[in-house]
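Residues per chain, in single letters:
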Amino acid sequence: MSDSPRFTVGDQDFLLDGEPLRLVSGALHYFRVHPDQWEHRLAAARAMGLNTVETYLPWNLHEPEPGRYDFSGGLDVERFVQLAADAGLYVLLRPGPYICAEFELGGLPWWLLRDPDMRLRSSYQPFLDAVDVWFDEVVPRLLPTLITQGGPTIMVQVENEFGSYGADPGYLNHLAEGLRTRGVDVPLFTSDGPEEHMLTNGLVPDVLATVNFGSRAPEAFAALRRHRPTGPLMCMEFWCGWFDHWGELHHVRDADDAAATLDDILGAGGSVNFYMWHGGTNFGYLSGANHGTGYEPTITSYDYDAPLNEWGAATPKFHAFRDVIAKHLGTPLTEEPPAVHLAEFGPVRLTDKAPVLGNLVSVGKYETAPTVEEAGIGYGFAVYRTALPEGTTTLRVPIVNDRAQIFVDGVEIGVLERYGADEIAVPAGQVLEILLENQGRVNYGPHLHDRKGLLAGVLANGVRLADWEVLRLADLPEIEFGTTAEGPIYRRGVLEIDEPADTFLDLPGFTKGFAWVNGFNLGRFWDRGPQTRLYVPKPVLTAGRNEIVVLDLHPGTADTVEFVAEPALGEVDVFRGSLG
C-alpha cells in the first residue's frame, strides 16, 4: 500500500522518505483538555519519547445542530494539530463519524435520533447523508494538515472498532471512499479488537488494519496476521488504564504489568498508540455511558490511570513507559515533562440562591410526552409539566431514561431511575413536574440508540397523561438569583484569588448536580462516587473575582464548597493483564 510520497505503509514497516519509522503515539483528545493547556500536554508527550499524537474528532461537538458548525476555541482542531507539529509530533486523526471514546453517543450528534427509524453506523441512507454533510465540512479543514500538504498528519482512521458492532461492508467502503474522494491522500486505517468476528467485520480492502488490546500482545498480533499477512504491526489502542462508571471503584492498572505489555509490543517490532496517554476530563454534559447488565454512566474524570494524569502531571507509569521506549529506540530519554502546580484556595460559601424550576424556558407543547430529542433538547436536563387528574394517587413511569425527580405543586415526592422502581405514590395536587436528567447516551454496543426522556409516557392511576409542556433549564447568565429558594436550586458564591493555578473543587455534603466556574461547566458530581472532587483547570480561573455556581439537585444544609490541592478519584481497584 502506498498513498503518500513521504509517509507510506510498507510490507513490514511504516516508511518515512523510504526509511523505517516506528510510531510511538499517545491518545490526547483536544476536546477533553482546556485549549490553553494543549502546549503543556504536547510538551509532556515529547518528554516521554512519543513521536506521534492521536486524537478523535467529536462530530457531536463540531455540529451541535444540523448545519451549525463550531471549530473555535477548545474545538479548534486545526490549531491543535499545528501545535503538535510545532512540538515535533506527527498526528493520527480519527474523524469518525463514530468514535466511542466513552463520549456521549460515541461522538454522534443527538439530533440524529430525531428520526424514529434512524439506524446509526449503517448504510441507512439518511445516516449516510448526514455523514456526507459532516465529511463535506470537516475533511477540507483537515487536508492542509496532511503530510502530503506539508502538515504533520500521517494517517486517518475509517470509523472506529466497527467489527465489534456489526457487519456492513457497504457502510465502511462508503466512508473510506468518502475520505479519498474528498482529498485524503495519506494512508487510511481501521482499528478493531483481536477477536475473530471483530477483525472479520471491521477490515476494509486496501486499508491498513491495526488491532486494539491491553495485554497478550503476541496473541493479538497473531490474530491480525491471520487476516493481514503483511503490513506493519500496530496496536492502535494499547489500553494501559481504564475508565470509571458512577458507583464503581476507580480503576488502576499496575504500572509494571502495563510496561511488560508495552515491552512485548515493541519487542515484536510493533508500533503503539497509548489509549489513553492523557485522558483529560468529560467537561459539561458530554460523558457517555455503557450498557452491560444495566445502564452504567461514566464519571466526569477521564483520568484513565494514564501515564499523564487528569491534571497533566507525570505518573510512575509515565516513567516506566519511558524506560521501555528508550530501551527499544536505543536513545536515553532524559527530558523532564513540564511541571504542574496545584493550589489550595480554601472554602467558598455559596450565599445566593435560585430555584431550578423557577428558571425555565418553554420549548413546546405536546399531546404525548416526547423524547428529549423530539423536543430539541440535546443534553443535560428537561422538565415535563402537565396537570394531574383529580383523585390521582399513583404515578407509573414505565421507562425513565435516565433519572426523574418528580414534583407535585413544586414539592418533590421522589426519584425514579432507569431500570429501578417505576411507580410512586402521589399526594393531592394539581401540577406535575418531572425534572429529567440525561446522564449520558450509551457510547458502545447494541444499545447505542439511546433516546432520552419518558419513553413510554406517564400513567396516573393507570390512565396515560396527555397535554404536556416541555421546558429546558435557563442558560446560566439568564438565571435570577436571590437569597432564598426551594427545591432543586442553583447556589452562587465568589472565590477571590491572587494568582490562578490548577485546583480541585470539593463539595462536602452535596449529593448530585453540576458545577461552573466563571461560566465554564466542570461537569457532573455525585456522592455515589468514586470521584468526589472536580478538576478545575488553571485557565478557567482569573486573578480577582471568580463566580462559582453549583446546581444542587437535592439541597440540604451544605452551602460551602472548597478548593483543594488534592484530587479524589475514589478507592482503587488494581488490575493486572486483564484487558484484551
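Data block above holds the structure.
The text that follows walks through the structure, step by step, so that each part is easy to find.

Conventions and cut-offs
- Residues numbered from 1 in each chain as written.
- Predicted model: local features only at pLDDT ≥ 70, side-chain atom pairs only at ≥ 80, totals over all residues.
- Heavy atoms only, no water.
- Core = buried A, V, L, I, M, F, W, Y, C linked by side-chain atoms within 4.5 Å.
- Buried < 20%, exposed > 50% of the residue type's maximum accessible area, 1.4 Å probe, protein only.
- Helix = DSSP H or I, 4+ residues; strand = E, 2+ residues; numbered from the N terminus.
- Contact = heavy atoms within 4.5 Å.
- Pairing = 2+ DSSP bridges.
- Axes fitted to C-alpha atoms, helices over the stretch in contact; angles between N-to-C directions.
- Expected span 1.5 Å × (residues − 1).
- Polar contact = N/O pair within 3.5 Å; in protein donor to acceptor, adjacent residues only side chain to side chain.
- Parallel < 35°, antiparallel > 145°, perpendicular 65-115°, else oblique.
- Left-handed = near helix turned anticlockwise from the far one by under 90°.
- Nonpolar A, V, L, I, M, F, W, Y, C, P; charged D, E, K, R; others polar.
- Salt bridge = Lys/Arg side-chain N within 4 Å of Asp/Glu carboxyl O.

A short note on the nonpolar core
One finds Phe127, Met155, Phe238, Phe274 and Trp277 to be the most contacted residues of the largest nonpolar core, which totals 115 residues. With nine residues, helix 4 (residues 125-142) is the largest single contributor of residues to this core. Apart from residues no more than four positions distant in its own chain, Trp277 is found in contact with Gly26, Ala27, Leu28, Arg41, Ala44, Ala45, Met48, Leu50, Ala306, Pro307, Leu308 and Phe318.

Looking at the sheet that holds strand 15 (residues 346-349)
Strand order in the open sheet formed by four strands is 15-33-28-31, with antiparallel pairing between adjacent strands. Two strands lie at the open edges of the sheet, namely strand 15 and strand 31 (533-536), each paired on one side alone. This sheet shows a mean twist of 30° between the axes of neighbouring strands, independent of strand direction. When strand 15 meets strand 33 (residues 560-564), the two strands line up antiparallel, connected through four bridges. Directly across from Val348, in strand 33, lies its bridge partner Val561.

Section: helix 8 (residues 255-267)
Since there are 3.6 residues in each turn of an α-helix, residues three or four apart along the chain are aligned in direction. Taking 1.5 Å of rise per residue, the 13 residues of helix 8 would be expected to cover 18 Å, and the 18 Å separating its terminal C-alpha atoms lies within 8% of that figure. Among all positions in helix 8, only Asp257, Ala258, Ala259, Thr261, Leu262, Ile265 and Leu266 are buried. At the N-terminal end of helix 8, a side-chain oxygen is found 3.1 Å from the backbone nitrogen of Asp256, two or three residues along, and the residue is Asp254. Just downstream of helix 8 lies Gly269, where phi reads positive at about 85°.

Here's the deal with the side chain of Gln405
Tracing the chain through its elements places Gln405 in strand 20 (residues 403-408). Residue classification places Gln405 among the buried residues on the basis of a relative accessible area of 2%. Reaching out from Gln405, the side chain makes a polar contact with the side chain of Glu412 at a distance of 3.1 Å.

Details of the sheet that holds strand 17 (residues 360-366)
Taken in spatial order, the six strands line up as 17-26-18-23-20-21 in an open sheet, and their pairing is antiparallel. What marks the edges here is a single partner per strand, and that holds for strand 17 and strand 21 (411-417). The sheet shows a mean angle of 25° between the axes of neighbouring strands, direction not considered. Of the pairings in the sheet, the one linking strand 18 (residues 381-387) to strand 26 (residues 468-473) comprises three bridges and is antiparallel in character. The residue bridging Val383 from the neighbouring strand is Leu471, located in strand 26.

Points about the packing of helix 4 against helix 5 (residues 169-181)
How two helices pack is summed up by the angle between their axes together with the distance between the axes. Where helix 4 contacts helix 5, the axes come no closer than 11 Å and their chain directions differ by 25°. It follows from the interaxial angle that helix 4 and helix 5 lie roughly parallel. Note that helix 4 runs across helix 5; the crossing there is right-handed. In contact with Phe127, Leu128, Val131, Asp132, Phe135 and Val139 of helix 4, helix 5 contributes Tyr171, His174, Leu175, Gly178 and Leu179. Classifying every residue of the contact of helix 4 with helix 5 by side-chain character gives eight nonpolar, two polar and one charged.

Quick look at the side chain of Asn359
Relative to the helices and strands, Asn359 is located in the loop between strand 16 (352-355) and strand 17. Judged by its relative accessible area of 8%, Asn359 falls in the buried class. At 3.1 Å, the side chain of Asn359 forms a polar contact with the backbone nitrogen of Glu480. Sequence-distant contacts of Asn359, that is, excluding residues within four places in its chain, are made with Ala354, Arg472, Leu473, Ala474, Glu478, Ile479 and Glu480.

Overview of helix 1 (residues 38-47)
Here helix 1 lies mainly inside the structure; seven of its 10 residues are buried. The set of residues buried in helix 1 consists of Trp38, His40, Arg41, Leu42, Ala44, Ala45 and Ala47. Those residues of helix 1 that are buried are in contact with strand 4 (24-28), strand 5 (52-56), helix 3 (77-86), strand 12 (271-278), helix 9 (316-329) and strand 31.

Quick notes on the pairing of strand 26
Of all six residues in strand 26, five are buried; the element is thus mostly enclosed. Alignment of strand 17 against strand 26, held across six bridges, turns out to be antiparallel. Note that in strand 26 the partner of Val361 across the bridge is Arg472.

Re the pattern of salt bridges
When the charged atoms of two side chains with opposite charge come close together, those side chains can pair. Evaluated as defined, the whole model comprises 33 salt bridges. With a closest N to O distance of 2.9 Å, Asp559 and Arg349 form a salt bridge. Of the two residues, Asp559 sits in the loop between strand 32 (544-552) and strand 33 while Arg349 sits in strand 15, which places them 210 residues apart along the sequence. The salt bridge partner of Arg491 is Asp552, with a shortest N-O separation of 3.0 Å. Of the two residues, Arg491 is situated in strand 27 (residues 489-497) and Asp552 in strand 32; the sequence distance between them amounts to 61 residues. Residues Arg491 and Asp552 agree in their burial class; the two are buried. Overlapping salt bridges bring together Asp402, Arg418, Asp450 and Lys452 as one network.

Digging into unusual backbone geometry
Trans is the prevailing form of peptide bonds, just as negative phi is the prevailing case for residues other than glycine. With omega at 20°, the peptide bond leading from Gly96 into Pro97 counts as cis. Structurally, Pro97 can be placed in the loop between strand 6 (90-94) and helix 4. The omega torsion across Asn401 and Asp402 is 20°, close enough to zero to call that bond cis. In the Ramachandran plot, Arg121 falls in the positive-phi region, its phi being about 55° despite a non-glycine side chain. As for its position among the elements, Arg121 is in the loop between strand 6 and helix 4. The phi dihedral of Asp467 is positive, around 60°, even though this residue is not glycine. Along the chain, Asp467 turns up in the loop between strand 25 (463-464) and strand 26.

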